[in-house]
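# Residue-level structural notes
Single-letter residue listing:
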Amino acid sequence: MSKKLSFFEFWRSKKERGAILERTNQLRLLPSQQKRLLEDSAVRAALQNVQTVSLLPPVGTEVFRRFTPAALEVIQQRQEAEKKEREKRKKNKEEAQKDWLKPARDLEAGKLLPFIYGDPPPDLLNTPLEELDPFYQSQKTFIVLSKGNIIHRFNAESSCYLLSPFNPLRTVATKILIHSLFSLFILVTILTNCVFMTISDPPSWIRAAEYVFTAVYTLETIIKVLSRGFCVGKFSFLRDPWNWLDIMVISMAFLTEFVYLGKYSVLSSVPRVLKIITVTPGLKTTVGAVVQSVKRLADVCILAAFCLSILALIGQQLFMGVLKQKCIRFMLPNLTDIGATAGYHDNKTGVNHFNFSEHVNDIKYQYFLPDKLNPLLCGNTSDAQVCPEGYSCLKAGSNPDYGYSSYDSIGWSLLALFRLMTRDWEDLVLKTLQAAGKSSLAFFILLSFPACFCILSLFVAVVAMATGEQEEAAAADARQKEEELGQIVEALRRREGEEQATCGAALSEDHNHTEGTQKSCSPCWGIFVDLFLKCDCCGCWRGLKRCLYTIVMNPFFDLGIVICLVLNTVVTAMEHFPMAMEFELQLSVAQLVFTAIFTAELVLRLVAMDPYGFFQVGWNIFDSIIVALNLLYLSVENFSSYFLLMRVFRLARWWPSFHLMLKTIWTTVRALRNPTILLVIMVFVFSMVGMQVFQKDYKDHVQICLIAADCQLPRWHLNDFFNSFLIIVKVLCGDWIETMWNCMEVSSQTTCLVFFIMVLVIGNLLVLNLFVVLLLTSLSDSLEAPGETKNNLQTAMSRINKSWILDHFWTVLGRKNHVNPDHTVVNGQEDNRKDYLALTCVTSEVSGNHGNQISNTGPGKVPITTTEIQIESKTPENEEKRCDNVQKHPEVQQDEHDEDDKGNTPEDCCSDKCYQCCPFLNIDMSQGGGRIWSNFRKACFFIIQHKYFNIFIILIILLSSAFLAFEDVYLPHRLVLKRVVETADQLFTYLFLLEMLLKWTALGLKKYFSDAWCWLDFLILDVFLVSMTADMLGFSGLGAIQSLRTLRALGPLRAVSRFQGPRVVVQVLVRSIPALFDWLLVSLTVWLIFSILGVNLFAGKFYHCFNQKTGQRFLPEQVNNYSQCLFLMVENDTEVDWRNTRLNYDNVASGYLSLLHLVSSADWVDIIYSAWDATHVESQPVYDSNRYRILYFISFFIIGSFFTFNYFIRVIVNNLLKEKIGQKHIFMTEEQQKYSKTIKNLFSKKSSVPRPQNQCQALLFDLVTRPCFEVVMVVLICLNIVALMVETDEQSVQKNEILYWIQFVFLIIFFIEFILKIIALRRYYFSDCRNVIDFVILIVLIMSLFFADIFEYYIFSPLLLPVLRLARIGRILHLIPCATGIQKLFLAFMMSLPALVNIALLILLIMFTFSIFGMFNFAYVKKEHMINQMFNFQTFGNSMICLFMTSAGLLSPVMSIPRDCDPDMENPGSTVRGDCGSPVVGIVFLTTYICLSFLLVVHLYIAVIMATFNSKDAEALCDDELQMFYKTWSRFDPDASQFIQYSQLSDFCDTLKDPLRIPKPNTIKLIHMDLPLFPGDQIHCMDVFLSLATQVVDDSGQMDSLKTRMEEKFIANSSKVSYEPISSTLRRKQEEVAATVIQRAYRKGLLQHRDTTGTVVESVNGGGAVSGSFHPE
């Protein structure tokens, strides 16, 4: 078990993981090494502890052996022997506890053969072989290796009790099954079948094709059954769940032949599509990873269901029935003559015929806005929608959207809250605000959106954690394989050293031979290259090549090409509509010039580098393709001009960030193809299911008339496959609810609801999984930024920066001093004294503590790299820790002695240069007036440093910002309030001026203007001063002054510097500006490509002839083009207009604006509708003329939104990773960090209440403290909530009375609970916050029961009383044990709460500032589109609502000039003229607000993810983990001696449960834990637990607490104290290794001694002098 990585540790190790995975895929042994490993028993003995080597067969046996009948008999004998062994082990309980063999993960079916086995002989491929896995060697199985060394495992039992493994038919079936062509044939069949499924109206021959498909699937199943068997055996057909798809396909195919299933016939199509997963390599693993992520999401799903249910119940209680309120028109009769009104009273019969219910429910009397299907909603509160004159707001009819949008029951309310969580919330919130009033926005801001954000952020965090754990597990396996390979190679080298005399350097020779073989090329290819690809014909040609090579390799050549590319992009972006012929001709000529330039560049590079060298560079190939396409564009008529845009991609050659962006896209297609294919399969399945299930309903003319007034198919329908596909894409983009309403109206409500919810949940889960995998996956260097090596463009720019001309140019300007090159180092040291001081500190410590190491390193070897030293020197904590111990110079000590005096002494007012220019400013501060001035500055310095001064300034800032909110359009009509606001504005300006003068005096001008926050205060104060002065002089009506007055909205930003939390966030964002600017340039470049494409596709095609009388455009049959519309305009110039859509692609700027709406606004579908209807320039649009143009928008969503957002997150995290150095929490202050630790400790500790001495109280205490009592009370609370949920709108009187008495009974029960607890717990009752909440709610409910009228009229609405009861539901969370995932997620969110508050405060401050700015600039914009009497910028509250509803399209009118606006219209009481607004200001306003808010919201999600990751690293171990540890220990220590044998430690750690468990193999990890060993090789319980806890808990305080709790458990037994440790596990391992080395050396020396002695004896015997007289001992 390794310690859980934090988020930044995991992110930092991403590149390392990718490199390890890449190296693991290339692990190989040389043939000589492979042979020695298989045949040398000494090597195998040295590697007996290596897991991979243990899988090899014994020495002397073949690795790959054919599976024969003899081998089957051996397996049967092994099974019998193991059966007897099991019986013996059952008798011995100790032996029974030992683990049996487990299957080797590297030898699982479907995986590649491990490298240690080498490549099998070709004749053994596709042949049954004996098992390689020791686990299966005693079971009746065999393996088959297919092409690519893929393992396939089969049962050795007879297939279907008929075919033995050696049967020829089964052998043929097995070979067919594992052959790659068979899988390819099945895949092609499935894809062909999928193509036939997309046909909406299939022809008659499709039925015959279905028979062919069914026959193929049946044949596949028969082959699988013949080769694997049907159900007997672990690897039989039915034992694989993926084969159940075949059963479903075949059974449904035959069932549909005899039984008509109707809509349910789609069940036969879905399994066929899912079969793609079974035949595509790697998809099964991807599905398994997604399933594991879903399992991890179980806790979040429970939490989401809980939160949504509570929020739905609150929404039901607050807004039940409000969406039925409509504007009703009454035609009341004359009261003096009732009979005169027809239809109201019959004089003959005297019967009143007026039916009030029928009247209000008749849509003829309901008010409708133009082009709206639902009547106008209204409310009877002051802040709700007001009905037009002649209409009254009454509750009548059904709810909007066919009656589906409502809070009238818990089901519809739950669906409404689910809409909020899925981002399709704009329309629902707008309708709720219209009916319930603007005050209802508090429900969404304070409850709904925070809860939905919490759920979504936890969803993202858990998916990221699951992906991270999978990545880390894969990297751990790769590290283990790499370590094992290293051990194998090391053992082989040692063995080679032992046999050096005989073997020599065989391995190295073999290795060199192998490399030479791989690098050798065919002689024919060399001849071809020399003749055709290398041109060295003569000396002149070679000289020309050298000259051209020097030119094209020059950095300034690349700089010129980049400049041409940028200019070409600018020229391409200059196309617009309408465009003059001369300008169009100039653009064409410019394109020809650029084409000639790039062609000449290609020719020069080709000649200079030779074709052979030219095409070795990938970018050269790419440039060649682009030039070829450009030349083809010039030579072929009607050839697409879109290929000219491909020149923009050439910038990626010199732009590293753009290159990284393109690599990200390519990597997703290449390396992440499996998650992408899985997402495509999901989209196809749901598209096909939607078409087959709902196609008949959308063809029913009667049903279509329910959702369309003209009884024509709507734009979004499920009538064919392509439109069904478009709906799925729309749902994945977050816009789904309106389409589901239409489906529910034409088809079954339940079927549509289930279908769309499944698409939404599964689709977004797969999209999120793909996004997170792309973000966190380990792909080596493919997704990392390019290295530090400079390209030619960067080299050219650096040469320009260092050029002689620029140096002297800045010298003349006086901005740069001439520097002597000989003194560069000295000046550099003087300019960077602080950095060098930190470096000296680090060096001093290193030299003091590791002097021996440094002295022995030798030349070229440095123990600490320069980069590491620089990083450490930038860390404040490292500077404090390291510099404090450095021996300082006496002068430095003297300076520190006077540090306190200098801290209270103001610095010089001006800079040194200022004193040199103006010597009279430099006065003596020790006497005379200088002394008085010095004392005055000290007094000012004391004032500004006082805490009450800062509090006063903060109060003034808040009051000033509050008074700005009163400057709305109604202020000129409120004279008293206007006078108060003007006086307060002047007062605050004077106070801020006084503050600035005090700071100038105290701090000095030099220090004041060296602080960015002071500059912000200074500039804002200047705006206020100029504005106030202009008002006094009477120039407030000037346009420049009015524009300047709007900048007063920046005043609230001064509060950022005074609040530490938001200030920390701002500092982090400011430091990330360079990285974000680079990302912004890349994103703008990508968007530029799509904008230019949009201009080429849609420029001038969105114009249409509009009928102002009907509010709709003319049909193409009425007006076909601009000429006909112009003719109608001449006839009737007031009712006909040729107009353009608000969002269009007439130029690149408009294209950018349209793209921004696509990703940020809810009205993005309007742009798609215009593109669908567009035909030709100056032609009337035709309804749905070309729906395939949506592919352009889908491409933009994928590339311009998905990938750019992923790259944006990557940039943010990389920047935060830099901020992480030296601090634990990025978005928190020190006080907030303490709060986070306090929250963590509160969740890990449990308060205890003493048991009372009184017997009766003790009995009650035992009752209320039992877990079952809490469970009963929570069940009662849930029943109370259920009673609230059954309420509906317009329920009967009897139901109301029953529910009232049910609530009364629950109230009595809760009162009895309170009495029991207050008696049993006494004063400790109020020590628990849950009890306090219960007490307050109980008191309020009791008072409301007796004083209902007083509460209703004077305190709050009785509708809030049921909401108060919901607060008790929080007690459910306290029943959850601390080991479960929900409370851990909740704890992670609570720990991130301070950071979230800081970011949320900054978001609120930005909204406040932009609301003031919007109120100053757009208050008088003409009301049209979404700007109306209720949603506008006339007041501060309305402005806040508009900003909050930005995505609803409320701000689109301010981004363009409203039609028929009057720029000279007078606004009473205001100096502002006109109602047109400023589109430029509106675009800048909206873009800036969206970018800032989007940036901060992203940081909100990242903060939660970081806290969730870090909570796994710092989570506290609670009593459940301790109890689990004790129970497991007791199994290994039945005598309770607190000791176990060291040999049992591996089994013990593997038996534990997470988070303490260390799974096998764990030998190396346990050795590194360095546990103390006691006599008898025993280890103690406390040592083991504390060592395991250290792997989980990374906090010394928590470790001390755990140690104390452990000692309390063993306080009665002092067995550990009675023994002293004699060794440790690490020392024991070192001793064993040392002993092994000594024994091996001794044996080697003994063998050499014997060989030498034997040689001497032989030589003596050969000489005949001595015979047999020497006997070595």
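Residues numbered from 1 in each chain as written. Predicted model: local features only at pLDDT ≥ 70, side-chain atom pairs only at ≥ 80, totals over all residues. Heavy atoms only, no water.

## Description of the state of the cysteines
So the rule is basically this: To count as a disulfide, a pair of cysteine sulfur atoms needs to be within 2.5 Å. Strands are runs of DSSP state E lasting at least two residues, helices are runs of H or I lasting at least four, and both sets are numbered from the N terminus onward. Exposed residues in this analysis have more than 50% of their type's maximum accessible area, buried residues have under 20%, and partly exposed residues fall in between, with area computed by a 1.4 Å probe over protein chains only.
Throughout the structure, instances matching the rule amount to five disulfides. Sulfur-sulfur distance for the disulfide between Cys327 and Cys387 comes to 2.1 Å. The sign of the S-S torsion, about -90 degrees, decides the handedness of the disulfide formed by Cys327 and Cys387: left-handed. A residue pair is termed long-range when its members are at least 10 positions apart, and Cys327 in strand E4 (residues 325-329) and Cys387 in the loop between helix H15 (356-361) and strand E5 (391-395) qualify at 60 residues. Take Cys327: its relative accessible area is 0%, and that puts it in the buried class. On the basis of relative accessibility, which here comes to 15%, the residue Cys387 falls in the buried class. Covalent S-S linkage joins Cys743 and Cys752, the inter-sulfur distance amounting to 2.1 Å. Taking the sign of the torsion about the S-S bond as the criterion, the disulfide between Cys743 and Cys752, at about -70 degrees, is left-handed. As far as burial versus exposure is concerned, Cys743 and Cys752 are alike and both buried.

## What about the side chain of Lys730?
Just so we agree on the cut-off: Only four residue types enter the charge count, namely Lys and Arg as positive and Asp and Glu as negative; His and the chain termini do not. Put simply, a salt bridge is a Lys or Arg side-chain nitrogen that is within 4 Å of an Asp or Glu carboxyl oxygen. By definition, residues are in contact when any of their heavy atoms lie within 4.5 Å.
Tracing the sequence through the fold places Lys730 in helix H29 (residues 721-732). Buried and without a salt bridge, Lys730 has Asp735 as its closest oppositely charged side chain, separated by 4.0 Å. Ignoring sequence-local partners within four residues, the contact set of Lys730 consists of Trp716, Asp735, Thr739, Trp1164 and Val1165.

## Here's the deal with the packing of aromatic side chains
Stated formally: Only rings of Phe, Tyr and Trp enter the pairing, Trp through its six-membered ring, and a pair is recorded when the two centres are within 6.5 Å. The plane angle decides the type: under 30 degrees is stacked, over 60 is edge-to-face, the rest tilted. In this scheme, the term charge over a ring applies when either NZ of a lysine or CZ of an arginine sits within 6 Å of the ring centre and within 35 degrees of the ring normal.
With the rule as written, the count across this model stands at 85 aromatic pairs. Linked through ring pairs, Trp1087, Phe1090, Phe1098, Phe1102, Tyr1145, Trp1164, Tyr1192, Phe1193, Phe1196 and Phe1197 together constitute an aromatic cluster. The ring of Phe598 carries the charged tip of Arg650 above its face, separated from the ring centre by 5.4 Å. The ring of Trp1172 is capped by Arg1187, whose NZ or CZ atom sits 4.0 Å from the centre of that ring.

## Details of the pattern of salt bridges
Scanning the model with the defined rule gives 39 salt bridges in all. Across the salt bridge formed by Lys111 and Glu108, the nearest N and O atoms sit 3.7 Å from each other. Lys111 sits in the partly exposed class, given a relative accessible area of 35%. Taking the shortest distance from any N to any O, the salt bridge between Glu220 and Lys224 comes out at 3.3 Å. Of this pair, Glu220 and Lys224 both sit in helix H10 (residues 206-228), four residues apart, which is roughly one turn of that helix. Owing to a relative accessible area of 10%, Lys224 belongs among the buried residues under this scheme.

## Here we look at the packing of helix H11 (residues 244-258) against helix H12 (residues 270-279)
Worth spelling out the cut-off: Each axis is a line fitted through C-alpha atoms, taken for helices only over the stretch in contact, and angles between the N-to-C directions span 0 to 180 degrees. By definition in this entry, angles of less than 35 degrees are roughly parallel, angles greater than 145 are roughly antiparallel, angles of 65 to 115 are roughly perpendicular, and the rest are oblique. Handedness of each helix crossing follows the sense of rotation of the near helix against the far helix: counterclockwise by less than a right angle gives left-handed, clockwise gives right-handed. Each residue gets one of three labels, nonpolar for Ala, Val, Leu, Ile, Met, Phe, Trp, Tyr, Cys and Pro, charged for Asp, Glu, Lys and Arg, and polar for the others, Gly among them.
At a minimum axis separation of 9 Å, H11 and H12 run at an interaxial angle of 155 degrees. Classified by the interaxial angle, the pair formed by H11 and H12 is roughly antiparallel. Relative to H12, the crossing made by H11 is left-handed. Every residue of H12 that contacts H11 at Leu245, Asp246, Met248, Val249 and Ala253 is listed here: Pro271, Arg272, Leu274, Lys275 and Thr278. When the residues that make up the contact of H11 with H12 are grouped by side-chain class, the tally is six nonpolar, one polar and three charged.

## Remarks on the sheet that holds strand E1 (residues 128-129)
Note: strands within a sheet are paired through backbone hydrogen bonds, in either parallel or antiparallel orientation. Stated precisely, the cut-off is as follows: A pair of strands counts as paired when DSSP detects no fewer than two bridges linking them.
Sheet architecture is open: three strands sit in the order E1-E2-E3, paired in antiparallel fashion. The sheet is open, and its two edges are formed by E1 and strand E3 (150-155), each paired on a single side. Note: E1 against strand E2 (residues 141-146), two bridges, orientation antiparallel. Following the sheet pairing, Leu129 is matched in E2 by Ile143.

## Description of the pairing of strand E6 (residues 1104-1107)
The side-chain alternation of E6 yields two buried faces, one formed by His1104 and Phe1106 and the other by Cys1105 and Asn1107. Relative to strand E8 (residues 1136-1139), E6 is paired through four bridges, and the arrangement is antiparallel. Pairing of Phe1106 across the sheet is with Asp1137, part of E8. As paired elements, E6 and strand E7 (residues 1112-1113) share two bridges and run antiparallel to each other. Looking at the pairing, Phe1106 lines up with Arg1113 of E7. Linking E6 to E7, which pair antiparallel, is a turn of four residues; within it Gly1111 sits at a positive phi near 75 degrees.

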